[in-house]
Each structure stands twice: as structure tokens, then as C-alpha cells.
Amino acid sequence: MIKKIHHLPKVITKPFRKSYYHQPGTLPGTIIINENAEPPNIILIDYNQTTLIREQITNPEDCANYLDTESVSWVDVQGLGNQDILERLGKVFDLHPLVLEDVVNMVERPKIEDYEDQLVIIARMVIPKEQGYGFYSEQVSLVLGQYYLLTVQEEPKYDCFEGVRTRITKGKGIIRKQGSDYLAYCLLDAIIDGFFPILELYGEHIEELEEEVIVKPTPQTLQKIYQIRRELLQLRRAIWPQRDTINFLIRDSSELISDEVRIYLRDCYDHTVQVMDMVETYRELASGLMDVYLSAVSNKMNEIMKFLTVVSSIFIPLTFVAGIYGMNFNTEKSPYNMPELNWYWGYPLCLGLMAIIACGLIFFFWQRGWLSNSVRMKRNSK
Amino acid sequence: MIKKIHHLPKVITKPFRKSYYHQPGTLPGTIIINENAEPPNIILIDYNQTTLIREQITNPEDCANYLDTESVSWVDVQGLGNQDILERLGKVFDLHPLVLEDVVNMVERPKIEDYEDQLVIIARMVIPKEQGYGFYSEQVSLVLGQYYLLTVQEEPKYDCFEGVRTRITKGKGIIRKQGSDYLAYCLLDAIIDGFFPILELYGEHIEELEEEVIVKPTPQTLQKIYQIRRELLQLRRAIWPQRDTINFLIRDSSELISDEVRIYLRDCYDHTVQVMDMVETYRELASGLMDVYLSAVSNKMNEIMKFLTVVSSIFIPLTFVAGIYGMNFNTEKSPYNMPELNWYWGYPLCLGLMAIIACGLIFFFWQRGWLSNSVRMKRNSK
Amino acid sequence: MIKKIHHLPKVITKPFRKSYYHQPGTLPGTIIINENAEPPNIILIDYNQTTLIREQITNPEDCANYLDTESVSWVDVQGLGNQDILERLGKVFDLHPLVLEDVVNMVERPKIEDYEDQLVIIARMVIPKEQGYGFYSEQVSLVLGQYYLLTVQEEPKYDCFEGVRTRITKGKGIIRKQGSDYLAYCLLDAIIDGFFPILELYGEHIEELEEEVIVKPTPQTLQKIYQIRRELLQLRRAIWPQRDTINFLIRDSSELISDEVRIYLRDCYDHTVQVMDMVETYRELASGLMDVYLSAVSNKMNEIMKFLTVVSSIFIPLTFVAGIYGMNFNTEKSPYNMPELNWYWGYPLCLGLMAIIACGLIFFFWQRGWLSNSVRMKRNSK
Amino acid sequence: MIKKIHHLPKVITKPFRKSYYHQPGTLPGTIIINENAEPPNIILIDYNQTTLIREQITNPEDCANYLDTESVSWVDVQGLGNQDILERLGKVFDLHPLVLEDVVNMVERPKIEDYEDQLVIIARMVIPKEQGYGFYSEQVSLVLGQYYLLTVQEEPKYDCFEGVRTRITKGKGIIRKQGSDYLAYCLLDAIIDGFFPILELYGEHIEELEEEVIVKPTPQTLQKIYQIRRELLQLRRAIWPQRDTINFLIRDSSELISDEVRIYLRDCYDHTVQVMDMVETYRELASGLMDVYLSAVSNKMNEIMKFLTVVSSIFIPLTFVAGIYGMNFNTEKSPYNMPELNWYWGYPLCLGLMAIIACGLIFFFWQRGWLSNSVRMKRNSK
Amino acid sequence: MIKKIHHLPKVITKPFRKSYYHQPGTLPGTIIINENAEPPNIILIDYNQTTLIREQITNPEDCANYLDTESVSWVDVQGLGNQDILERLGKVFDLHPLVLEDVVNMVERPKIEDYEDQLVIIARMVIPKEQGYGFYSEQVSLVLGQYYLLTVQEEPKYDCFEGVRTRITKGKGIIRKQGSDYLAYCLLDAIIDGFFPILELYGEHIEELEEEVIVKPTPQTLQKIYQIRRELLQLRRAIWPQRDTINFLIRDSSELISDEVRIYLRDCYDHTVQVMDMVETYRELASGLMDVYLSAVSNKMNEIMKFLTVVSSIFIPLTFVAGIYGMNFNTEKSPYNMPELNWYWGYPLCLGLMAIIACGLIFFFWQRGWLSNSVRMKRNSK
């Protein structure tokens, strides 16, 4: 039994929680480096309408020169595996200790903090898995200053900013003419847009399950539905607070965001609402699927039970009749002892009696409609 | 078995989702033309109290002359299959790139944007299917300027604006005396009113299902209930944001909407609330139907099981008695070996014993009320 | 089978929806006369502290003289079957076309509109059925002017204003000393109070069902619960918007409502909240009843299945033993072929074995507690 | 069967609703005297820091002298059985007709009304039953004036004000130094505190049910859970509006409540929130219990069915084998007719075959884990 | 049976409620000492940037000297077992009688009260159990004055403030440079951070249950799920009001909290929201697990029933056939009496007939898909 289980496809494998907390009572602002974290890879892109610098940074202090120039400086840190470099970065960008803590530790919940000359945005990015539906989830922190944008990503392996990088390097669109706030918008937009392909996959998967649930429900179907509900719950936790974040950017009077960018952010806000809307819709569908699954399983069961009932109810009385005439009462001792056995037409009469009982029961079942489902289905299967 | 399934009426065939997103990281304002989209068909209706022009436009630039005259110009674009024409339209009407993107790409969620000299309303229109219940859903974008109204429809085949066109051409009501804001109201009103016939059909369908669920629940009933819940979910997604849209038009201080039209919009708002109310009511009914269905199926099952129990419980002991006297113990070896077989009244006594057992069990079942349901139902069926 | 169904008491007969919509795209303000509507019956009651006129009106224009005098004029229109008269009424009272549309067409959702010199209140009145629980529902529109009140009722047959008419004609209470706003309050109060007797009946009915669900649940019980939930849903739709209506009257600064009447309206508001409270409570109870019903049915089923299990599990092994000794192996060919058949104590030993098996199984069932429920219940039934 | 039911403990006996409404259209302010109501018993307590008068009043007019003196006058009316006295009381205290109506008729829903020189508080008091859990519920109306407090109770038999009376007569705490607002606070506090012992009992009862549901679920358990949910619903209806009442007292700018008393009311508000919190928690627990009950019943059923399946599946094939060799084919007519019957080892071989079938099936069941539950449970029971 | 139950691991042992109320009508501000409470242990820590005093206090009056000096004085009272000391403490700190009541009696619901020169915070601390998941819960009251902080804990045995004490004594971080408001923040932060390890354990436990529910659901699984839901409900009750508390500290204009500390409190607020978020997520997961459990149990049951159906439906007809030829009709009396018994090929034909029936039924079951599940699972188990 136990062996068998391990052969089942393990659909629920992704741990839901991570160790995202430090010991209670710890000094606020403490940075904890995850041992498995990869060393940070720092890329600086500094651009304005005419110039473009793109280089790999090793010493965080090298950034300092770019930050106060009017050209937009995008410092992208990928990976969190080196405490020293992170603390030096914190000094270069003049980050509050609590900000550094939030950026480095995985706080799981998107939020925004306004420190007058800096806006700190904690966002959550989702990247579809290479195969199957499902997604990786990664925290991205954005620190927006007047002429710079610092982004810190958990994982160097993948992100969804490639399109933005291309637009900067190739000078597509208006990005080169705009400030760091427009850059922040572009990244947020890319993060939100990243939810759509994943939801698309969930939509397809739910449709497949709708088919599966009705046509061929198995215990695996149930696992799949539970798994979808679980992952939609995660998506929901990722997207809900981001709406508040973007709403804050639109409504807030921070001077770091220009009115023109606010129009773009409104568009981004609409997309966020749309993602939330889809997540909620899929959750409702998945929850409805659960009902249909339970009902489909129970319908199938009922069909089987009905068959058993019909077969048993017909043959049990017949077997009883056969049992009667299998008794060994001594017919010679008395004319009352099973005289039927010696009748000329005894056996045919007995068979006839059985046939009558069987037909009566079948008629009774038919009249009750207990045969209808099976019969209709058989017709369909021709 | 597998073949059978495909013979079932495929009730759930309409894909729930569409590819309405562009690649994450794409330039904001990018227009994506769906390959299957039909080429745009542009119709201009320009009218005031005395004059009326109606013509088919091929070059978007031809509209430009009409836009700034005081007569109301309604430019109706049907179909989204030509990027060039759409971009030229965008220039003629001076649309913000994000607006053009929203208008052309299917964003799925009604909303309103206020660009001082333009109000952009994204609405969702529903059209009942030719047969059966169910509906097609189509996005309509309205761009309202001082003397013009641009509408963009996804599909040229059908819309629900015919009544408005007739009122303009025949000069019925006050439409010819009013401005473009009144025209926008008329179209929004037609869109909202278009939900009622569909809801009417769902109402009828739910009543049929109420009957079906109690009288003759089949697995197909379940599919139908799920299908209704699914489609009501879609209607709900379409109508909820439209309430906010219309509310915004009423409350907002935009100079494009006159006070007189606001009174009419209040009426339209009431209809929207009423649609929402009906959708929610039908959703509750459909959800209640699910409970009744599950219970009805289980009741039917119980009736069948009760019959099996009664039949089995009566005949199993009787068969055992018959089995006893079917044993071949040698009566000649000992007076204790089944002497009943040689009794004069053996067989009648045995039959009598069986009758007593059967009657006792039937009395027991009757006393427990396990026969009552069947008996009462049989009486009803006479 | 099909015939049987039609003999069941058809509990769900009242159509849930009505044709309350006009064709999408219709001219706003269009009046649609239902063909079955009865011709309007117009009654004018004009009173002040000293005088009282009560007459039947045939020409709407006859009302005009009364409207501007300081005495309160109550024009009560019962029945909506004549478009001409309704339109002339609209002119006499100077109604906005949209108001006339709302008053005449059945919009289903209570609301209030403030047209400076007129307050238009759409309310919903419920009247208990003559027998059984359940109710008729009817729209009542109130148009309140400074010195007049116009009420329009869907049905001339019944209303709940008789008490108010008596108070006016007999001069009971302060009604004759007050203005048209107090009259409007009295009618609204009568409408809200009309919900209580109906809820009272539902309360009684739910108590009966509580008894029925536990003592003797049948499939009809389920239908009744569903029916109650459905009708409470209708009541809810009728009462919720009326709360907003009355709240608007209390809070609004319209000069048509005096401060003194506002105190009375607060009382009326409390009653409305109380009705809502009761409706919600009954809905929760009905929903809890559904759970209890399902569980009671399943309990009953379990008891039956338990009995089957006990009977089958005891007799199946015994029948097997009897089957063994019913085999026809030739005892003469070998001493190993069923020598028991020829033993002196063969048959008694065989019966003893059966008794031991039966007792062992009964002890096993008893130890498991599978007999306890039946036994305890039997004791109760003595 | 029917007799049996009436022997069940009737747990649901308390009617949920009362006749708390008057005929629709009745004059507002009408007092209706319940025929069973007991005659009012009026007790006056007049006190200040130094003096204390406590007397039984027969004529309401006797109170008048005390009301305007600076000493606090608490007039406590117990019982509502005399219309004349109540109307005279109304005149003495100068009550608005609607207030008198609310005070005398049972309106069921706590609320507060501010009449400048009077605050009218309708509260609901709960008193635990003498035995078992459950409670009596009674309306208490408080009319707070500057120097007096009028309380009207439905029932003279019990209240929860004894502690307050003792504090006044014995001069404990600061009550004698404070005004009528502090007295009103003390009574409200006593009313709210009266919910705690009842909730305590429900807490205990829910814990007992948690044990019962898992150890020995019976149909009575279900009734008890339903009963608890029903009574918690009643408690909820009683406590929710009282929160608004007390909140109004804290926030409102009425001069009748001093700032010092507001601090005490904040404490009382906290208790109210705590009661609500507990009611909601118990409701959630009760609702969770329902799930566990259903599941426990179904688990028990499954165990029984499993046993039936195992016994039937083993013995049915064996009985078939025995049936085969019970057939009477004539072995002498042909060597193919059941030659086994004449084999030397026929019977032992046949028994061996049966043993192999039985062991095979038992192994199959064991491998499937269908025996595990029973086996493990048996081990536990040693 | 009864014995067996008591051998089950008693998972639900922690009483959900405590006697946290005093008699209704009691004097407000009454202190009730729990008899089992341990005597208070008072520890004073007085520090500023340069000095540090830490001493055990026996007379509350000894604290008085420290309170008004500019150094921060933290008076930590552990245990509530001595009324006299608590009342003297109340006098030293000049506490309002209601505050003392709240601090000493266990009010269960976190809250905050602002007494101009004092902020009183009632919080709830959770401490993980030594083994297993689960937690102890303890009330902590904080009274914040300008230069002092009084904390009162229910239990001297454990708290989560050790880290803060270390930071003070070792002078780590900025705590020695800050005032009493920063100290209060540190303690609140430690309290909130204390929820994370407990939630971590619940997360792990839910994952184990997800595995268990699918692989091997037993009745104990159900108990565990119920237990988790129950404990998460408790956590929720503890954390929700703390959010309001901390939010009040951030928004409130009290001069006792400096702007710098408000920034830290915002971080603490974010953690609180995160805890709430996790609690809600786990509650949803636990509730989804319940569905999966019910469904898994029912799937297992269905598999068993299917097996019974297949076995019964095959062997019952075969047994009937065997029964037929076991009848004792006298073949010599008539050629119609069971001539088959004397046929040459009678027995083989009979066996062949049985084989045909069995194969037909198996084919029928296979075609219906009733065998598929079992077969597939068997393949997996190889």
C-alpha cells in the first residue's frame, strides 16, 4: 500500500511556506543571509535621451557617482548572498535600516513606504514554470529616488524585465525621454503583466478539469482541484496588496512621481484589478468544480449501486425458490412433503414461477425509473 | 465508454478565457491585431435638429471635418482587423496611446477614463444567442468629445444599437435636439437594457431546472446548473464594473455631460443596479438548486437502497432455512440427523416457519417506517 | 412514473420573474401597458382639519383644482390598464417622462428620486395570501408634492392602506392636522408593517419544518425548505432597497419633509431594519434546516443500512455452512468425503456450529456498538 | 413509530418568534397590552450622596415630585399589564407617543433615540435558565433625563439589576456620588455582563458536544448542534445592535452624558465587543462541529459497510462453490457429469479450494488496506 | 467500545474558554485574584545611554523614585497572585480603576486606551509549546508613561522579552539611546514576531495533513483538521485586535510616541498584517482540507463498494444457476423434470453457461469503466 502511493504523481510538492521570520526579540533592522542564496550580481544601466551606459558593478560604491546626475541610473541587484555588499549598498543609497531589512529578508507581502526622498516598493513577481502550469514567485524591491532606481531581486536566474531592458538599449518608445519614475512604472507594469500568462494557463487547466470532472472523475482530479485552489490562493496573496501599492502611487502626493506617469500607473492599476478579478473568478470556478466533482463521483457510485440492487433484488428471490426445491424432505413419508417434486409439470412450473417473479421485479424497477438511466446511457453508447 | 461521452450534448463548449494579454514587458500602448478579426467597417452619422448625414467611411481622415462642427458626429467602427486604419483613427481623434491600446485590445473589464476633453468608456455588450439561452459578449469602447462620439465594436455582425439608429434617422424622441452626451447615454442605456432579455431567459431556464431537479434529476441536470453558474459569473463580471462607470458619469464634474443627461443617467444607473440584483438573485437560486439536486439524487438513491435492504433482509434468512433442509445428513444413521425431513408435516411446517419469519420482518420494517415512503408513493402513482 | 409526479402537490408554482423590461434601445420614457392590466380606478381624498372630500375621478384633469390648495390631496390610482389616462395624469402632475415610465412599468426595485418640487418613491408592498403562507407582491409609487400625494398601485384588488383611509375619514390621530408628508409617512409605515404578518407566517412555517425535518423528513420537506429560501430571497429583494429609501428621506434636506415627520420616519426606519433582521434570521434558519434535513435523511439511511449489514453478515456465513453440507460428494467412495453426514451427532453439531457463528457475530456487532442505536430506539418506542 | 418520537427529549421547544407587531395601518403610537402581561410594579429609588428613599409607587403621578430635584430618581417599572398606568407614566415623564409605543410593545431590536432632554435606550437583557444551558430574554427600556432614569421591564420576575440596587443602598463604590448617567451606565453594564455567564455555559456545552461528536455521535447530537446555532443566532441579534447603542452614547454630544461616564461606557463598549466576539467564535465552532458530526457519522457508516463488504465478498464465492457441488447432475450418465463427487479426495480438495479462495480474498483486502482500520482499532481496544 | 475511545490520543484537550468574567452587576473596577495565580515577581530595569540598574522589587512603592527621572524605567510584573501588591502598584502608577481591572482580570481582547499622560495597551502574547504544534497564550498589559513603562504578565514562567532584555543590558542597537516609547515598540514587536514560529509549525502541520488526507485518511485526520481550525480561530482572535491597537499608535496624535518610533511601529504593523494574512490563508487551507478529507473518505468507500458490487453481481446469478440444478425434482416422473441432469454433457454445459454469464458481466463492468480504477491502481502498486 505504502509503496503504491509513492508511485502516484506527487502533485503537491511545492512547500507553501518559507522561513521568512527572524527570531522574536531580534534587533529591528537585522539582515539575515540565507545560506543557499546566490552572491549578488549588480548591473548598472545609466541612460538619458542621448547616452547609455551599461556595466557590471562589483563594488557598490561605484554606483555613487551616477546617483546624483540627472541621467536615470538603474541599479539592478540580483541575488542576496553577501551581507557585506548589501550593507555597503544600503550606505550608498542611504537606506533606513528597516528598509534594508525588508529588502533583504523575504517579507512576503507587497507594500510601499514613503521616505520623503525615497519611495520603497516591495513587489512580488511571478514567473511561469518551464512546463506544466504553476509558477515561481520572487520578491522584487524597488527603491525610487529622484534620479535613480534601485531594484533588488531574490533570484538571479530569471526575471520579467528583459523587455524593459531591450526598450532602454534600443531606445524604443518614450522610455529614454522619461525619468526614473517612468522606469519604475515600466517595471511594475512588467510585473503585473507577468500574471496574465500564468492565469491563462490556469484558465486552460480549469477548462481541462471541467471536462475531466464530468467525463472521467478520478481521485487525482480532486488533488488537482485542491492544488489549483491552493495556488490561486497564493496568487491572490501576491496580487491583493499590489493593488494598494499602485493605488498609493496614484493618489499619493509624492513629488517623485510625475503627473504624466500617474496616467500610465492608472492603466497599470486597471490591469491589477483585472488580475484580481480573474483570480477571484477562477477561485469561484474551482470551488464550483469541487461541488461538481463530488456530485459526479456520487452519481457514478449511484449508478453502480443501482445495478447491484437490480441484480440482487432479482436473483435473491429466485435463488430462494431454487433453495426451496433443493430441500430434502422425504416425499414418501407424506403427501404434503414437497409433492411438487413429483408432479409431471413440476420443473417447468417452477421455472415459470421464477420467470414471473423476475419479470414482475423488472417491471417494478422500470416503473420506478430505476432502469431508465442505465438504459438511456446504453443507447447513447451505441 | 469513451465514445459514449462524446455523444452527450456538449453543454460546456464556450471557452471562458481569451488571449487578451500581450507579452509582459511590452511597450505600453502597443496595438495587437487579432488575426481572425474582421476589417473595420466605419459608419459616420452626423446630425442636428435639422440635418442628417449617414455615410460609410473608408479613410479615417474623412471624419476630421465633422468633428469640430456643432452637429453631433457619431463615428461607429465595427471590427478591429486593420492596424493601419486604427492608428490613423487614433490620430484623427487625438487618442492617448493607452486609450488606443485599451480600445483595440480586449481588456475585458469595463472602466472609464477622464482625459479632460475626452471621456473614454469601455463597456461590455451582451447579445442573446439565436437559440437556447446563453449569450455572446463583445467589448464596446465609447470616446466622448464635445461634438462627437466614437464607438469601437469588436464584431461587425451584431450590436444592440439598431433602436438608437432608428431614433436618430426617424427623429423620434428628443435625440436630435440633444448633444453627443445624450447619444452616449442612449448607447449605454441600450447596452444595459440588453442584459434584461438574457436574464429573462436565465430566469426561465432556472425555473425549468427547478422542475427538472425535483422531478427527474439526471447527471445532465448537474452540468446545466454548473453551466448556469458559470455564465452568471461572466454576466456578473460584465455588469459590476459598469455600475462604477455610470456612477462616475453621474458624480463626476466633467463638463462633457450636461445636467439634463445626468438625470437620464441616474435612470440608467438604476437599471444597472437592477441587473446586478437579478444576477445575484439567480446566482443564489442556482446555488440553492445545487443543494436540492444533490439531495434529490441522494433521496432517489436512498429509496433504491431501502428496497434492496427490504428484499435482501427478507430473503436471506429464508434462503438460509431452505439451505438447512437442503443438507444431506444421513437420517438413517441417527434419529438426531434432520428428523424433520421425515416428519409427516415437515414441509408445511417448514413453509410456515418461513412465512412467519417473512411476516415478522415485514412488520418490523413497517413499524420502523421503512416501507412508508414507497407505499405512499405508490398510492400517489395510481 | 410521469403521471405520479403530476399528482405531487406543486409547491413551486409562482413564477419568479416577470416581463418587466422593454426592448433594448427603446426610447427612454416609453410607457408599456400590460394587456392584462385592469383599467385605472382613481380615487381622490382631499382633506384638512375641518373638511373632507372623497370622490371617484374619471378625468385626470379633474384633480388639477385640488393640487395647489393647502388642503392635502391624495390621488390614489389603482390599476395600470389605460395609457391615455396615465399620460394625462402625468401632465396634470407635471411628471418627468422617466418618472412616468418608472411608475407605470414594473421596475421591481424600490428607490427614491428627488425632483426639487417632487419626491418620487417607488416602494414594494406585500400582501399575505388568503391561505397558506406566501404573499402577493405589488409595486406602489408615491409622488409627493407640497400639497398633494399621488399613489399608483399595480393592482386594484387589494392594498394595505385601508387603515390609513379609516384614520382620515374618522379623523383618528393627528393625520388630519398634518400635511402630505405625514400622509406619505403613514402609507410607507403601512407598507413596512405589512411585512410583519407575512414574516410571522414564515416563522411559524419554519418551526413546523424544524419539527418535520427531525421527526419525519420526506422529499417534500426539501421542496418546502427550498421554497421558503426562494420566497425569503424575494422578500429580501423587496425590503433592502426600502431601507435606503427611508434613510434618504430622513437624511435628505428636501423641504417637502418636515422635521416632525422625520421623527416618525425614524420609527419607520427602525421597523424596516427589524424586517431585514428577521428576513436574514429566517434565511439563516432555513439554510441550517437544509443541513439538518440532509443529515436526518442520511441518518435514517444509515440505520437501514446497519440493519441490512447485521442481517446479511449473520446469515451469509450460515448459509455457506448449510451449503457445504448440501454438497453431493459421494461418501461411499472415500472416508474423507463428508464423513460428517454419517456421524451420529452430525446434524446437531452442525446446528451448534451455526449457533456459535451467529452468537459470535452478534457479540462482535454489539461490542462495536452497531446494535446500540437500534436497541436504544426500540426501548424508547415501548 | 409515531409514539416513539414523542418520547424523544423535545429539545427545540422555545418558540423563536413572538407576536410583536400590530396590525398594518394602525395609528402610530398605539399601545397594545398583552393579555398575559403582569400588572406593573413601580419602584422608586431616589438618592444622592447623603439621602436615600426607596418606595413602592402606585400612582405614577407620585413620581413627579422627585424628577426635577437634583437627587437621582430611578423609577423602575416591572410588568406591562395596565394600559392606564402606562399612559399616565408617559404623561408624567413627558414621553413622545412613539417612545411609549416602543417601550410598551416588544420591538425586539435594541436602539437609541435622542430627544434632546431625554435619551431613550431600548436594550435586551438575557437571564440564564435555572437549569441546563439556554436563557430567557427580556426587553428593558431606559429613559434617561437630567435627574432621573426611568426603566421599564417586561417581566417582574427576574432581572440582573440586583447588584446595582445593593450598591446604591449600601453606598458601595462611587454610585451615590454620581448622576443619573452613571446609573444608566451601571444598568447597561449589568445587562452586558449578563451575557457572559450564558456564553460560559454555551462554551461548556460546545466542549461537551465536541467530545460527543467524536466519541458517540447520535441523531440527538445533531439536534443539539442545531439548537445551539439557533440560540447563538438569537444572542447575536440581541448583542449586535447594543454595540451601536453604546457607541452612540460614547460618540454623541448629548449633554446628558458626562465625560467621566463616557470613560466607563468605553469599558462597557469593550465588553460588548467581547461578547460579540465570543458569539461569533461559538457560531464558527458550532458550524465546524456540524461538519465533524456529518463526517463522524459517515465514518461510522463506512466502517460498517466495510465489514459487510468483507464478509459478503468472502462468503458469496464460497457459497457458489458449495452450490456447484450441491447440483444433482447424474454422475452415472456420463463421466463428465461432476466426476469430482466420486473422487477419493473430492471433498478435501473442495474444502481446500474454498480455503484458498478465502485466503486470497483476505490477502487482497489486507493489501488494499481495507482491513487496517478495523485491525488497528481492535488493537487500541485491548 | 467505551474503553477503546479513552485509549485514543485525546487531541482536543485544551479548554477553549476561561472564567474571565465577574458576576453581572459587580462594581466596575473590581479586582478578582485567581486562586491559582502565582505571586507577583517585580523586576525593575532603569537605564539610559550611560547607566543601567536592574533589581528585584518587593515593595511597589520602591518604583516611585524612578518613574519621574528622565532615564527609562521598565517595571515588569510577572504573576497576578497578590491583590494588595497590585493595588499598591495601581496607586504608584496612578492607574484608573478600570485600567487596573483590565490589567488584572483577563479580558481576552487586545485593546488600547489613551489616558492623556498614559497609554494603556492590552496585548496577547503566544508562546509555542515545548513539543508538538500548539501554543500557550498569555495576556500582557503595557502602561506607557513619559519616562516609564509598566508591563504586567499573567505568567512568570515564560515570556518572549528575553531578546529585548539582552539588548538593553548589552547595549545592542539604539535601544539605550531611545525613550520608553521605543521600549514599548520593542516589546510589541517581540510579541508580534512571536506569532511567526507558531504559524510556521502550523504551516508544516498543514502540509503533513495534506499528505495524510490524500494517502491515508483516518478518523484521527478529521480530529486534527478540526483542532487546527479551532486553534487558528484562537490565533485570529488574538491577532485581529492587535492590528487596530498598533494602527491606533501610528495614527494617534499622543505625545507619548515620537515620530521616529512611529516609523518602527509601521514596520511592526506590516508584520501584524502579515500574521493575519497567514492565519487567514491557513484557515482557508484547513477548510479546503476538510473538503478533500470528506472526498477522500468517500472515494475509498466507493472503491470498496465497487468491489462488493462486482463480486456480488457476478456470483449471485451463478449461485442461482447452481441452485436450479440443486433442486430435487423427480426426473423419473416426467421427461420435463430437469432432463438436463441426465444429459451426457449436462455438467460441462452448465459450467459453460456459468462461464458465459460471468464473462458477460465482467465485460459489462469493464465497458462501464467500473473496473478501471481498481485495475489502474493495481498496476501502480507493482
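On a predicted model such as this, the values are computed, not experimentally measured, just so you know. (Residues numbered from 1 in each chain as written. Chains lettered and ligands numbered in written order. Predicted model: local features only at pLDDT ≥ 70, side-chain atom pairs only at ≥ 80, totals over all residues. Heavy atoms only, no water.)

Asker: Looking at this model, I keep getting lost on the overall build of chain A. Mind explaining?
Answerer: Helix and strand counts for chain A come out as 11 helices and seven strands. With 382 residues in all, chain A has 60% of them scored as buried. Of all intrachain contacts in chain A linking residues separated by at least 6 positions in sequence, the fraction that spans at least 24 positions is 69%. (Helix = DSSP H or I, 4+ residues; strand = E, 2+ residues; numbered from the N terminus. Buried < 20%, exposed > 50% of the residue type's maximum accessible area, 1.4 Å probe, protein only. Contact = heavy atoms within 4.5 Å.)

Asker: What exactly am I supposed to notice about the interface of chain C and chain B here?
Answerer: It is common to give the size of an interface as the accessible area that goes away when the parts come together. Of the residues lining the interface, 78 residues belong to chain C; the matching set on chain B comes to 77 residues. Of the roughly 7,000 Å² buried between chain C and chain B on both sides combined, carbon and sulfur atoms contribute 63%. Across the chain C-chain B interface, the total number found is nine salt bridges. Residue R230 of chain C pairs with E210 of chain B through a salt bridge whose shortest N-O separation is 2.8 Å. (Buried area = accessible area lost by both parts, 1.4 Å probe. Salt bridge = Lys/Arg side-chain N within 4 Å of Asp/Glu carboxyl O.)

Asker: Help me understand the sheet that holds strand β4 (residues 111–115) of chain A in this model?
Answerer: Within a beta sheet, neighbouring strands are joined by backbone hydrogen bonds and run either parallel or antiparallel to one another. Residue and element names in this part refer to chain A. In spatial order, the strands read β2-β1-β3-β7-β6-β5-β4; together these seven strands make up an open sheet with mixed pairing. Both edges of this open sheet fall to β2 (52–57) and β4, since each of them pairs with a single strand only. Mean inter-strand twist for the sheet, computed between neighbouring axes without regard to direction, equals 15°. As paired strands, strand β3 (residues 72–78) and strand β7 (residues 148–153) are joined by six bridges and run parallel to one another. Residue pairing for β7: V77 is matched across the bridge by V152. Sitting on the sheet, helix α7 (residues 195–215) touches β5 (118–128) and β6 (135–144), and the angle it makes with β5 is about 35°. (Pairing = 2+ DSSP bridges. Axes fitted to C-alpha atoms, helices over the stretch in contact; angles between N-to-C directions.)

Asker: Can you help me understand the UniProt feature "transmembrane region" (unreviewed entry) in chain A in this one?
Answerer: All names here are of chain A. UniProt records the feature "transmembrane region" (unreviewed entry) at residues 307–325 and 345–366, using the numbering of this structure. Counting secondary structure, residues 307–325 comes out at 95% helix and 0% strand; the distance between its end C-alpha atoms is 28 Å. Secondary structure over residues 345–366 splits into 95% helix and 0% strand, and the C-alpha atoms at its two ends are 31 Å apart. (UniProt positions renumbered as here; feature names shortened; annotations may be inferred.)

Asker: Is there a simple way to think about the relation of the copies chain C and chain B in this case?
Answerer: Note on the chain copies: they are related by a rotation about an axis and a translation along it. When chain C is fitted to chain B, the residual RMSD is 0.1 Å, and the transformation amounts to a turn of 72° plus an axial shift of 0.1 Å. Taken together, the rotation and translation relating the two chain copies correspond to the operation of a five-fold axis. No C-alpha of chain C approaches the rotation axis more nearly than that of G326 of chain C, which lies at 4.6 Å. (Least-squares fit on C-alpha atoms with pLDDT ≥ 70 in both.)

Asker: Would you explain the packing of helix α9 (residues 259–324) of chain C against helix α4 (residues 97–104) of chain D in this entry?
Answerer: Geometry of a packed helix pair, given as the angle between the helix axes and the separation of the axes. With their axes 10 Å apart at the nearest point, α9 of chain C and α4 of chain D run at an angle of 20° to one another. With respect to α4 of chain D, the element α9 of chain C is oriented roughly parallel. Between α9 of chain C and α4 of chain D the crossing geometry is left-handed. Mapping the contact onto sequence places I263, Y264 and D267 of chain C in α9 of chain C and L98, E101 and D102 of chain D in α4 of chain D. In terms of residue class, the contact of α9 of chain C with α4 of chain D is built from three nonpolar, no polar and three charged. (Parallel < 35°, antiparallel > 145°, perpendicular 65-115°, else oblique. Left-handed = near helix turned anticlockwise from the far one by under 90°. Nonpolar A, V, L, I, M, F, W, Y, C, P; charged D, E, K, R; others polar.)

Asker: Any chance you could explain the nonpolar core here in plain terms?
Answerer: Across soluble globular proteins, nonpolar side chains have a tendency to be buried as a group. Ranked by internal contacts, the top residues of the largest apolar core, which has 470 residues, are L235 of chain A, L235 of chain B, L235 of chain C, L235 of chain D together with L235 of chain E. If we ignore the near neighbours within four places in the chain, the residues touching L235 of chain C are V126, F135, F195, I198, L199, Y202 and V279 of chain C. Counting 116 residues, the second largest nonpolar core, distinct from the first, contains L318, F329 and M354 of chain C together with Y347 of chain D. (Core = buried A, V, L, I, M, F, W, Y, C linked by side-chain atoms within 4.5 Å.)

Asker: It is not clear to me how the packing of helix α9 (residues 259–324) of chain B against helix α10 (residues 346–368) of chain B should be interpreted in this structure. Could you clarify?
Answerer: Residues and elements named next belong to chain B. Here α9 crosses α10 at 160°, and the two axes come no closer than 10 Å. Of the possible angle classes, the one that applies to α9 and α10 is roughly antiparallel. Between α9 and α10 lies a crossing whose hand is right-handed. Mapping the contact onto sequence places V310, S313, I314, P317, L318, V321 and A322 in α9 and C350, L353, M354, I357, A358, L361, I362 and F365 in α10.

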